[in-house]
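# Working through the structure, step by step
Spelled out from the first residue to the last, the chains are:
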Amino acid sequence: MPVEPLRGMRVVDFGQYIAGPAAAMMLADAGAQVVKVHPPGGPRWPGPATEILDRDKTVMTLDLTRAADRRTAAALIAEADVLVENFRPGVMRRMGLDPHDLATAHPRLVSLSLPGFASTDPELSAVPAWEAIIGAATGLFADMGSNRVLMGVQPSFTPLPLASAYGAVLGALAVTLALRARERTGRGDVIEVPLAAALAEGLAHNSIHVPDMPERYKTLREREIERRRAEGLPFDLSYAEVHRLLDPLYKSYRCADGRWLYLVCTGHVRHTRRALELLGIWDEVVASGLPRTDPYRSSREWPDGQDCTLWSPPLSERWAAWLSERIAAAMLARDSLAWERLFGEHGVPATAHRTTAEWLASPHARAARLIVEREHPRYGRLAQPSVVGWVEDGAAGAGPVRPAVRPAQSRAGAAWLEDVRIVDLANVIAGPTIASTLARFGAKVTRVDPPRSPFDPLTTVVFGLQTNRGKRSALLDAKQPEGRRLLRELVGRADVVTINALAAQLGAVGLDPRDLPQGVVLCRLDAWGGPAPGPRSEHPGYDDTVQAATGIMARFGGSLETPEEHAQVGTIDVLSGFAGAYAAALALLERERTGTAPVARSSLALAGQLIQLPFMYDHPGRGPFDEPSGPQANGYGDLHRAYEASDGWLYLACPPRRRAALASIPELAGIEAQGDEEVAEFLTARIALRPRSYWREACAAIDVAAMPIRTMADVRRASLGAPDGATLRFDRESEHPSGRAVELISPVAVRSARAPLAPLAPAPAYGAHTREILAELGCSDAEIEDLLERGIAAARWSDEYLPT
């Protein structure tokens, strides 16, 4: 049964556009009573998407420039538990509603601000932070994947509101944790989540920098980029030429019905073998001699002449071409939906490519209640995304399992989750992100993996540089009775268990919600799950398969004929992890208030819908899905798009009402005389005359945003060791356990006035704490050595932190 942990909570939502309203929508979905305040004339961004964001809210209009309406707003806030706003820094202060002043007047109030850039950032705080301006500033448009680099598409624009989506989920998470802390302390909090910082964290796996990354982890596309740069060759490959460089097990194939199907099973032993068996070519692969060496062995130990292994991408150019040809021929035997069903039923991640319109009407989206229809007075039956994260009763009627913790047990100035212990059983990116996100708020995390990983080192070790910070690591075989007993003892000492798994897989590791030890919250993430079962609920999937199924790849590539992965890594993954952390926070709040421990849920599909919110709806009479799409897209319109200055690209964001102000810039004099069809040509010629710094300063003087489009490497270099007040900060871990210097985004997107962030130790080697954790469970030294000898436990996966 669904649970509403925020029942009885009152929220005032001043937000406009996406981030603030989306955070408040999530709180409303969890049971909060939300009053939505719009300005005179209605929302700044009218349309179906805003109607979705305002669902289940009481809507009213106030003119906050009028004293009487400000008094009304103040009265609403005085009765509220939560205040949400996403104005530019300083706006609330000018209206007499500064969150810090409100905290003094209303000590129990939790205030959430979602500015584009940090209010303490001297360089960026005053910038009009449109979604695309944030994307330009954080490297998004310059680093949208190897495909775009090879095709020479620069800059690479996306219409997805990633910054707002990431910021909204982190904001809802922070509010929930602050409300849980208030249960103990009686005090509220003042929270800021800069959207640019949230976006940078969402793209964390694109900005990981390891200077001497071994060659074996570079894809064919990355090697081709390096070759072309070294030889001075142009980046002008066609879509088909880039497609040939993709890994054969991480690639789209034509099926008998002409539709593309996306197969994503590289780097996982069971997925790979099962896919090739279903395709009928496994025996041919074995007979061919395609190497199948353990990927955790150093390449120095590979047989002479071996240059790759099937179990770890990338394959060499020769083997990739050979295997791609055979998979392509086999795929022509069935229609795309038949393959999708067959692969899914046998545990192989694969999906047919769809448009967003097709996903909205798809049987699974409707049956699983990923997409719901709600009656609207103007739009009729308005199809829309459902919840982002939710909690459901997992105790099977067992009643209260643990008394609610009393306020006296909390310590002033404590991290929000310093009393919480987590066992992390998740893998890849999305699942481990749940616990790593909660670790920054003080949770003590113990990670448990099997003694032999089914995933390759890129997926586990390289991605784990980010997702395993602040965790201890043990290796246990939970499929053996003794290993399962030890895991159950560990779980029994925890508050939360995180896992990304299908419902059918939970029993295999003793995690059926009905059988969990008392008081333990199970936080489960999967690919296709929703509040109800659907035909694909038990199918596996990854970020990329959800991108393909929900329309992201068709939009980014321009059509179903040219689907293209959106960003290199993690468009959906990290957001799903944040959503899972939010669901876990809701469950912990419910346990705090009632003593019961519900199950926390989210899915990749729900996150994939949230980042498409401006387009993820349908209703009778809806116009065409004509949002910007394809590699040729460079913005939303002539005054809101990328232009090339004399020294590189910038993004101009000028509201139509400010067009006349552009004429005050000498080079743009005469713009007011240009017809609508002439503006882009005029701006293209004029902006090319001056460098980006000139345009940024000139536009700032008239309150228009012009932001240089920066690469992630530029952002990382500029943000290494940045001061606390900066919007972004990168950390350099010079003494990393890997033996390499590692540069990572610092997790500082959530900034609380009361709760400090916990320092995160570098990601340990897998198994680094196995002996320590077994000893804590009461095992003697002799018993530990016996467990290691019998393979029930392990202290390492490989001789090297990252096999070279």
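Scroll up to find the structure.
Source: prediction; values computed, not measured.

### Digging into the overall build of the protein chain
Counting its secondary structure elements, the protein chain contains 31 helices and 27 strands. Here the C-alpha atoms of the protein chain give a radius of gyration of 26 Å, agreeing with the 28 Å that 2.2 N^0.38 yields for 804 residues. When its C-alpha atoms are laid out on the principal axes, the protein chain stretches across 75 × 65 × 55 Å. Out of the 804 residues belonging to the protein chain, those deemed buried represent 62%. Working note: accessible area of the protein chain is about 29,800 Å², and carbon and sulfur atoms make up 51% of it. Taking the average location of the 88 positive side-chain charges in the protein chain and that of its 98 negative ones, the two points are 3 Å from each other.

### Observations concerning the packing of helix α19 (residues 430–439) against helix α25 (residues 573–594)
For the pair α19 and α25, interaxial distance at closest approach is 7 Å and the crossing angle is 55°. Considering the angle they form, α19 stands oblique to α25. Read as a crossing pair, α19 and α25 show a hand that is right-handed. Side by side, α19 and α25 meet where Ala430, Thr433, Ile434, Thr437 and Leu438 of the first sit next to Asp573, Val574, Ser576, Gly577, Phe578, Gly580, Ala581 and Ala584 of the second. A breakdown of the residues in the contact of α19 with α25 according to their chemical character gives seven nonpolar, five polar and one charged.

### A few points about the sheet that holds strand β3 (residues 33–38)
Strand order in the open sheet made by the seven strands is β4-β3-β2-β5-β6-β7-β26, with mixed pairing throughout. Only two strands of the sheet have a single neighbouring strand rather than two, namely β4 (57–61) and β26 (751–752). Relative to strand β6 (residues 110–113), helix α8 (residues 162–185) is tilted by about 165°, and along the sheet it contacts β5 (82–85), β6 and β7 (189–192).

### As for helix α29 (residues 712–719)
Of the residues making up α29, those classed as buried are Met712, Val715, Arg716 and Ser719. Burial along α29 is one-sided: seen end-on, the buried residues are contained in an arc of 95°. Turned more than 90 degrees from where α29 packs its buried face, Arg717 and Ala718 sit exposed. Where α29 is buried, its residues touch α6 (131–137), α10 (204–207), β24 (730–733) and β25 (742–745).

### As for unusual backbone geometry
Backbone torsion omega between Gln154 and Pro155 reads -5°, so that peptide bond is classified as cis. Position of Pro155 among the secondary structure elements: in the loop between α7 (146–151) and α8. With an omega dihedral of 0°, the bond running from Pro313 to Pro314 counts as a cis peptide bond. Look at Asp56: it is not a glycine, yet its phi comes out positive at around 60°. Structurally, the position occupied by Asp56 is in the loop between α2 (48–53) and β4. With a phi angle near 60°, Asp703 is a residue other than glycine that sits in the positive phi range. Topologically, Asp703 is positioned in the loop between α28 (692–700) and β23 (705–708).

### Quick notes on the packing of aromatic side chains
Here the structure, examined in full by the defined rule, presents 15 aromatic pairs. Aromatic pair Tyr766 and Trp797: ring centres 4.1 Å apart, planes at 20°, arrangement stacked. Separated by 31 residues along the polypeptide, Tyr766 in the loop between β26 and α30 (770–776) and Trp797 in the segment after β27 (793–794) bring together distant segments of the chain. Since its relative accessible area comes to 10%, Tyr766 is described here as buried. Among the aromatic residues, those joined into a ring-pair cluster are Phe141, Phe157, Tyr636 and Tyr651. For the cation-ring pair, Arg334 lies above Trp339, with the distance from its terminal atom to the ring centre recorded as 5.2 Å. Over the ring of Tyr643 we find Arg641, and its NZ or CZ is 4.0 Å from the ring centre.

### A short note on the side chain of Asp543
Take Asp543: it is sitting in helix α23 (residues 543–550). Arg221 provides the closest opposite charge to the buried, unpaired Asp543, separated from it by 12 Å. A polar atom in the side chain of Asp543 sits 2.7 Å from the side chain of Gln547.

### Looking at the nonpolar core
Where a protein is soluble and globular, its nonpolar side chains tend to be buried together. Counting residues in hydrophobic clusters, the biggest one holds 148 residues, and the most contacted among them are Leu27, Trp416 and Tyr651. Among the elements that take part in this core, α8 stands out by supplying 15 residues, more than any other. Core analysis: the second largest hydrophobic core is formed by 38 residues, Leu150, Tyr253, Leu310 and Trp322 among them.

### Re the pairing of strand β16 (residues 471–476)
Where a strand is regular, its side chains alternate between the two sheet faces. Of all six residues in β16, five are buried; the element is thus mostly enclosed. As paired elements, strand β15 (residues 444–449) and β16 share five bridges and run parallel to each other. In the strand pairing of β16, Arg447 is matched with Ser473. With helix α20 (residues 457–467) bridging β15 and its parallel neighbour β16, the resulting β-α-β unit is right-handed. One ladder, built from two bridges, connects β16 with β27; its direction is antiparallel. Across the sheet, Leu475 pairs through a bridge with Ala794, a residue of β27.

### Quick notes on the pattern of salt bridges
Inspection of every chain in the model, using the stated rule, returns 66 salt bridges. Linked through salt bridges whose partners overlap, the residues forming this network are Glu224, Arg227, Arg228, Glu231 and Asp236.

### Some points on helix α31 (residues 781–789)
Along α31, the residues classified as buried are Ile784, Leu787 and Leu788. With its buried residues spanning 100° around the axis, α31 presents them on a single face. Within α31, the exposed residues directed more than 90 degrees away from the buried face are Ala782 and Glu789. Considering only its buried residues, α31 is in contact with α21 (481–492), α30 and β27.

### Description of empty space enclosed by the protein
Counted according to the given criterion, the structure contains eight cavities of 30 Å³ or more. Looking at the largest cavity, it is lined by 14 residues, and the ones nearest its centre are Glu201, Ser436, Arg440, Gln466 and Pro747. Taken together, the elements giving at least two residues each to the lining of the largest cavity come down to α10, α19, α20 and α25. Here the lining of the largest cavity takes three residues from α19, the largest share from any one element. In terms of residue class, the lining of the largest cavity is built from five nonpolar, six polar and three charged.

### Observations concerning the packing of helix α1 (residues 19–29) against α8
Running from amino to carboxyl end, α1 crosses α8 at an angle of 45°, the nearest separation of the two axes being 8 Å. In terms of their interaxial angle, α1 and α8 are classed as oblique. Crossing hand, α1 versus α8: right-handed. Mapping the contact onto sequence places Ala19, Ala22, Ala23, Met26 and Leu27 in α1 and Ser164, Ala168, Val169, Ala172, Val175 and Thr176 in α8. Grouping the constituent residues of the contact of α1 with α8 by class yields nine nonpolar, two polar and no charged.

### Quick notes on the side chain of Thr293
Along the polypeptide, Thr293 turns up in the loop between α14 (282–288) and α15 (317–331). The exposure class of Thr293 is buried, given its relative accessible area of 11%. Within the local environment of Thr293, its side chain forms a polar contact with the side chain of Gln306, the two groups lying 2.8 Å apart. Setting aside residues up to four positions removed in sequence, Thr293 forms contacts with Trp302, Pro303, Gln306, Thr309 and Trp311.

Reading the values: rules and limits
Residues numbered from 1 in each chain as written. Predicted model: local features only at pLDDT ≥ 70, side-chain atom pairs only at ≥ 80, totals over all residues. Heavy atoms only, no water. Helix = DSSP H or I, 4+ residues; strand = E, 2+ residues; numbered from the N terminus. Rg over C-alpha atoms; globule rule 2.2 N^0.38 Å. Buried < 20%, exposed > 50% of the residue type's maximum accessible area, 1.4 Å probe, protein only. Areas by Shrake-Rupley, 256 points an atom, 1.4 Å probe, with all protein chains shown as cover. Lys, Arg positive; Asp, Glu negative; His and termini not counted. Charge placed at Lys NZ, Arg CZ, Asp CG, Glu CD. Axes fitted to C-alpha atoms, helices over the stretch in contact; angles between N-to-C directions. Parallel < 35°, antiparallel > 145°, perpendicular 65-115°, else oblique. Left-handed = near helix turned anticlockwise from the far one by under 90°. Contact = heavy atoms within 4.5 Å. Nonpolar A, V, L, I, M, F, W, Y, C, P; charged D, E, K, R; others polar. Pairing = 2+ DSSP bridges. Arc of directions from axis to C-beta. Phe/Tyr/Trp six-rings, centres within 6.5 Å; stacked < 30°, edge-to-face > 60°. Lys NZ or Arg CZ within 6 Å of the ring centre and 35° of its normal. Salt bridge = Lys/Arg side-chain N within 4 Å of Asp/Glu carboxyl O. Polar contact = N/O pair within 3.5 Å; in protein donor to acceptor, adjacent residues only side chain to side chain. Core = buried A, V, L, I, M, F, W, Y, C linked by side-chain atoms within 4.5 Å. Right-handed = clockwise from strand over helix to strand, strands pointing away. 1 Å grid on protein atoms, 1.4 Å probe; cavity = no way out; pocket = protein on both sides within 12 Å on 5 of 7 lines; lining within 4 Å. Points joined across faces, edges and corners; volume = space filled by probe spheres on them.

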